[in-house]
Amino acid sequence: MLMTGAQAIVASLLKEGVDTVFGYPGGTNLPLFDALNDSTIHHVLTVHEQGAAHAADGYARASGQVGVCLATSGPGATNLVTGLATAFMDSVPVVAITGQVQTNLIGRDAFQEIDITGITMPITKHNFLVKDIEKLPEIMWRAFDIARSGRPGPVLVDVPRDLQSNTYDFTNIESMYSRSTLVRQSPDLPARIVKAAAAISAAKRPVIIAGGGCISANAGEALTKFAECCNLPVVTTLMGIGAFPGGHGNLLGMTGLHGLKAANHAVHDADVLIVTGSRFNDRVTGDRASYAAGKTIIHIDIDPAEVHKNVDAAVPLVGEMNMILGELLQAVKPGDLSAWWTAIRQTQAESKTVIPEDVLTAPLVMSELNRQTGGQDVIYVTDVGQHQMWAAQYLEVKSPRGFLTSGGLGAMGFGLPAALGAQLAIPNKRVVHIVGDGGLKMTGCELYTVAVEQQPIISVVINNHSLGMVRQLQHCFYGKRYANSLLPHAMDFKAFASAFNIPATVTNSLAEFSEAFAAAWQRQGPGLIVANIATNDLVTPMIAPGGSMDEYVNMD
Ligand SMILES: Cc1ncc(C[n+]2csc(CCOP(=O)(O)OP(=O)(O)O)c2C)c(N)n1
């Protein structure tokens, strides 16, 4: 069928079932925008291309589908970089389509020419510079296939402007859509599963660590079944929050640098760790040698490159997680873990914190969110900093894809555009965006897009008048010298939100916050609530960076 390259791209997007894309136009992607205009695809015009990339990422995290973002060449493409790196570090399937200068200008330092495939090589799973128009459908198909298969990740397709506007008789668009994706697995997987099951059956102090890979693999249900059946304690990494239902008796909370004591102690004292989809990031392990000492580690992952990368596993199980957990469930003979549970319950009781209600604090805000949202399945999207850790520690996340956060890159500014993507992907759930006063200034311009799209996102600004997490590090490790981490100039966030016609409330107490959130929840449009908290509040506990899981930083 005779069509332009841009029309072929749109046809490919439709074949992939794409209904929403996020982007920003410019000289080299105008043919694509023109073709999109004739399609049913909803194009969300963000304020900045970083917003488009994070929104596509949020869309993908919330839905499990590939998120799509578009940008022009040069500055448009480079503005995608932080968003692509964020998606890469957290294994999120995103396809970015960038315009490139026309073919005969490539390599001539043309206006807005940038080597975006070179720049994004280390932060994409793969990228393409399209050189032949007839290859477009195949490249688009490959891009989606690579983005979503195995360990998901971002893929970039760079398309010169002339290839978008030239016409070609495309006959191959239909035929591209019949192939299936490959799943890698350990060749001797059945034997390894037997070995793993024996280790779990014999364990005296087993613990499951649920990582982000468990959510990407849609294995939350299988994990829950497995843990319940064997009565295993479960901890999650930051990326794994939601893999196991919040409020479940077997869940000990988040492990890692700012993990809960009961979770970290259980990991520290465990004899067998069953690790599902975690890369053993330094924030999870602290000192790797003491972390792994004396433990049998069973590492389930789709990506063979993760095995033995940071921590040696006695039994690596590479393959599809639902299948592996299902097989393990059949093979395990649960032992008596009553002594282990008694020890865990004791640590939980000893480390239980009572949140005072007389002063507004971030933990109090989180517990109020838990109370008001109750059993409802909310999607929480955080930014990066102290508020992110408080959210991770205190929020009850009911289901997988219910807690979206930039875990690997830790990119401030992720929250708001990712919340927008998530809300557009899952309109029947409410998105609550939690952000610091620093991070909101980074990508707060996307409130414009939220307002245009009239998405009912509730933004909760934890306002400590500082770059709190940086201030906390300075408090602990730089002799309380708060260089450039204080934000003393009063920022009127209410006026800021009002500029976009978004209703906002400033709160200074639990009663005020409670009332403001209840009102925002009732309203169907976007809303913003500022929760003013003390500047010197610190996230506790904190494991000494690079230390053992039971070594805490002195916060005095
Ligand atoms: C893009 C980016 N720049 C810098 C940092 C380093 N950083 C990590 S947390 C943080 C402070 C965040 O402050 P705020 O948004 O107010 O949140 P808070 O920690 O106060 O909750 C900074 C600067 C980062 N993570 N991302």
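Owing to the predicted nature of the structure, the values given are computational and were not obtained by experimental measurement. (Residues numbered from 1 in each chain as written. Predicted model: local features only at pLDDT ≥ 70, side-chain atom pairs only at ≥ 80, totals over all residues. Heavy atoms only, no water.)

Trainee: How would you summarise the overall build of the protein if you had to cite specific residues and measurements?
Mentor: Along its length, the protein carries 24 helices and 20 strands. Whereas a compact globule of 556 residues would reach a radius of gyration of roughly 24 Å, the protein reaches 24 Å, a difference of no more than 12%. For the protein, the proportion of its 556 residues judged to be buried stands at 58%. The long-range fraction of contacts in the protein, counting pairs at least 24 apart against all pairs at least 6 apart in sequence, stands at 75%. When the accessible area of the protein is evaluated, it comes to approximately 21900 Å², of which 53% is carbon and sulfur surface. Each charge sign in the protein was given a centre, from 37 positive and 49 negative side chains, and these centres are 4 Å apart. (Helix = DSSP H or I, 4+ residues; strand = E, 2+ residues; numbered from the N terminus. Rg over C-alpha atoms; globule rule 2.2 N^0.38 Å. Buried < 20%, exposed > 50% of the residue type's maximum accessible area, 1.4 Å probe, protein only. Contact = heavy atoms within 4.5 Å. Areas by Shrake-Rupley, 256 points an atom, 1.4 Å probe, with all protein chains shown as cover. Lys, Arg positive; Asp, Glu negative; His and termini not counted. Charge placed at Lys NZ, Arg CZ, Asp CG, Glu CD.)

Trainee: Would you mind going over the pairing of strand S5 (residues 94–100) in detail, with residue names and values included?
Mentor: Of all seven residues in S5, seven are buried, a share of seventy percent or more. Here S5 shows no split at all, with Val94, Ala96, Thr98 and Gln100 on one side and Val95, Ile97 and Gly99 on the other all buried. Of the strand pairs in this sheet, strand S4 (residues 67–71) and S5 are connected by five bridges, and their pairing is parallel. Following the sheet pairing, Gly67 is matched in S5 by Val94. Across seven bridges, the pairing between S5 and strand S7 (residues 154–160) is parallel. For Val95, the partnering residue across the bridge sits in S7 and is Val155. (Pairing = 2+ DSSP bridges.)

Trainee: Can you lay out the nonpolar core for me, pointing to particular residues and giving the numbers?
Mentor: Counting residues in hydrophobic clusters, the biggest one holds 54 residues, and the most contacted among them are Phe226, Leu273, Ile274, Tyr291, Ile298, Leu317 and Leu328. The biggest single contributor to this core is helix H9 (residues 189–202), with six residues. Discounting chain neighbours no more than four positions away, the residues touching Leu273 are Val207, Ile209, Val267, Tyr291, Lys295, Thr296, Ile297 and Ile298. (Core = buried A, V, L, I, M, F, W, Y, C linked by side-chain atoms within 4.5 Å.)

Trainee: Now, about the side chain of Glu306: what can you tell me, with residues and values included?
Mentor: Relative to the helices and strands, Glu306 resides in the loop between strand S13 (296–301) and strand S14 (315–318). With relative accessibility at 4%, the residue Glu306 sits in the buried group. At 2.6 Å, the side chain of Glu306 and the side chain of Arg151 are in polar contact. Excluding its chain neighbours within four sequence positions, the residues that come into contact with Glu306 are Arg151, Arg279, His299 and Asp301. (Polar contact = N/O pair within 3.5 Å; in protein donor to acceptor, adjacent residues only side chain to side chain.)

Trainee: Describe the sheet that holds S7, and please don't skip the residues or the numbers.
Mentor: Ordered in space as S3-S2-S4-S5-S7-S6, the six strands form an open sheet in which the pairing is parallel. A single partner strand is all that each edge strand has here, and the edge strands are strand S3 (42–45) and strand S6 (126–129). The average angle at which neighbouring strand axes cross in this sheet is 20 degrees, direction not considered. As paired elements, S6 and S7 share four bridges and run parallel to each other. In the strand pairing of S7, His126 is matched with Val155. Across the sheet, helix H2 (residues 30–37) is in contact with strand S2 (20–23), S3, S4 and S5; its angle to S4 comes to roughly 130 degrees. Along the sheet, helix H3 (residues 49–63) makes contact with S2, S4 and S5, crossing S4 at roughly 170 degrees. (Axes fitted to C-alpha atoms, helices over the stretch in contact; angles between N-to-C directions.)

Trainee: Any details on the sheet that holds strand S10 (residues 234–236)? Residues and values, ideally.
Mentor: The sheet built from six strands is open, its strands ordered S11-S10-S9-S12-S13-S14 with parallel pairing. Each of the sheet's edge strands pairs with one partner strand only, and the pair in question is strand S11 (251–254) and S14. For this sheet, the mean angle separating the axes of adjacent strands, direction not counted, is 15 degrees. Bridging between S10 and S11 involves three bridges; their strand directions are parallel. Considered in S11, the bridge of Val235 is made with Gly253. Each of strand S9 (206–210) and S11 touches helix H16 (residues 338–351); the most contacted strand, S11, lies at about 50 degrees to it.

Trainee: Give me the lowdown on the state of the cysteines, citing residues and values where you can.
Mentor: Considering all chains together, one arrives at zero disulfides under this definition. Cys230 provides the cysteine sulfur closest to Cys214, a residue in no disulfide bond, and the two sulfurs are 15 Å apart. Note on Cys214: relative accessible area 0%, which makes it buried. For Cys230, which is in no disulfide, the shortest distance to another cysteine sulfur is to Cys229 and amounts to 5.0 Å. Classification of Cys230 as buried rests on a relative accessible area of 4%. (Disulfide = S-S within 2.5 Å.)

Trainee: Tell me about unusual backbone geometry, and please be specific about residues and values.
Mentor: Between Thr540 and Pro541 the backbone carries a cis peptide bond, its omega angle lying at -10 degrees. Take Pro541: it is sitting in the segment after strand S20 (527–532). Its identity is not glycine, yet His308 carries a phi of approximately 65 degrees, on the positive side. Relative to the assigned elements, His308 resides in the loop between S13 and S14. We classify His308 as partly exposed; its relative accessible area is 39%. Although it is not a glycine, Gln454 sits at a positive phi angle of roughly 50 degrees. By secondary structure assignment, the location of Gln454 is in the loop between helix H21 (447–453) and strand S18 (458–463). On the accessibility criterion, Gln454 (48% relative accessible area) is partly exposed.

Trainee: Please give an account of the pairing of strand S12 (residues 272–276) that cites residues and values.
Mentor: Successive residues of a regular strand alternate their side chains across the two faces of the sheet. Burial analysis of S12 places five of its five residues in the buried class, which makes it a mostly covered element. Burial along S12 is two-sided: the residues Val272, Ile274 and Thr276 and Leu273 and Val275 are all buried. As defined by bridge partners, S9 adjoins S12 across five bridges and the pair is classed as parallel. Bridge pairing in S12 places Ile208 opposite Ile274. Both S12 and S13 contribute to a ladder of five bridges, which runs parallel. In the sheet register, Leu273 faces S13, and the bridge partner there is Ile297.

Trainee: Hey, could you go over the packing of H3 against helix H5 (residues 81–89) for me, with residue numbers and the actual values?
Mentor: The N-to-C vectors of H3 and H5 enclose an angle of 25 degrees; their axes lie 7 Å apart at closest approach. Here H3 is positioned roughly parallel relative to H5, judged by the angle of their axes. Residue-level contacts link Gln50, Ala53, His54, Asp57 and Arg61 of H3 to Thr82, Gly83, Leu84, Thr86 and Ala87 of H5. Across the contact of H3 with H5, the residue classes tally to three nonpolar, five polar and two charged. (Parallel < 35°, antiparallel > 145°, perpendicular 65-115°, else oblique. Nonpolar A, V, L, I, M, F, W, Y, C, P; charged D, E, K, R; others polar.)

Note that every value here comes from positions in space, so none of it alone points to a role or purpose.
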